[in-house]
Amino acid sequence: MSGFIYDVGLNNAGSYIVSGIPYVKNFTVSGGGEESFTFYNVTKNIVVINHDGTNTIRVHFASKSDASVINNKHFYEVSAGEILELDVKCETVYISSVSGANVSLFASITNIKATRMYNLSGAGIDE
C-alpha cells in the first residue's frame, strides 16, 4: 500500500476545477497610490474592473516600490471602463493608479493555503 495522500495543492488539478470561494472588494485607489491585497488562500481567478470614467489603473504582482515594476512595465493596464480577467494563482495582487480610480476586485479563492504558494519573482514580475 502506498503512503500517498491525495490533498489540495498547487499542482492538484482538482483544486482548480471546483468553484472557488468568492472574494469581492470595491475601493478607490488614490492618484499615485497603490493598494495591495493578500488573500488567505491561493487564487484561481482574478477579475479587476476599472469603474473610472477617464483614468487607467495598473495591476501587478510586485509592489510598485520595486522600481523595476514601473520601469520595466511589469503590469497590466486597465483603461477606464474596462475589465481584466486573469486565470492566475497568487496570494497577493497590487493595484495602482497614476491619477486615481474607483475599482472592483473579484477573486475566486481555492482551498490551497497561501503558505503553500511560492514567491512570485523573476522576469515579468520584478526584474
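The structure under discussion appears in the preceding block.
Residues numbered from 1 in each chain as written. Predicted model: local features only at pLDDT ≥ 70, side-chain atom pairs only at ≥ 80, totals over all residues. Heavy atoms only, no water.

Student: Help me understand the environment of D126 in this model?
Tutor: Inspection of the secondary structure assignment puts D126 in the segment after strand 8 (101-113). According to the relative accessible area criterion, D126 is partly exposed, its value standing at 23%. Remark: the alpha-carbon pair of D126 and V69, spanning 57 residues in sequence, is separated by 5.5 Å. Residues in contact with D126, not counting those within four places in the same chain, are A62, D66, S68, H74 and S121. (Helix = DSSP H or I, 4+ residues; strand = E, 2+ residues; numbered from the N terminus. Buried < 20%, exposed > 50% of the residue type's maximum accessible area, 1.4 Å probe, protein only. Contact = heavy atoms within 4.5 Å.)

Student: Would you mind showing me how to read the sheet that holds strand 5 (residues 76-78) here?
Tutor: Whether parallel or antiparallel, the strands of a sheet pair through hydrogen bonds between backbone atoms. With antiparallel pairing, the four strands of this open sheet are ordered in space as 2-7-4-5. Each edge of the sheet is formed by a strand with only one pairing partner; in this case those strands are strand 2 (34-38) and strand 5. Across the sheet, the mean angle separating the axes of adjacent strands is 20° when strand polarity is ignored. Of the pairings in the sheet, the one linking strand 4 (residues 57-60) to strand 5 comprises three bridges and is antiparallel in character. In the sheet register, R58 faces strand 5, and the bridge partner there is E77. (Pairing = 2+ DSSP bridges. Axes fitted to C-alpha atoms, helices over the stretch in contact; angles between N-to-C directions.)

Student: I keep staring at the sheet that holds strand 8 and nothing clicks. Help me out?
Tutor: An order of 1-8-3-6 is seen for the four strands of this open sheet, with the pairing classed as antiparallel. Lying at the two open borders of the sheet, with one neighbouring strand each, are strand 1 (21-29) and strand 6 (83-86). Across this sheet, the average inter-strand angle for adjacent strands is 20°, counted without regard to direction. Here strand 3 (residues 41-50) pairs with strand 6 via four bridges, running antiparallel. Residue pairing for strand 6: I49 is matched across the bridge by I83.

By themselves these figures say nothing about function.
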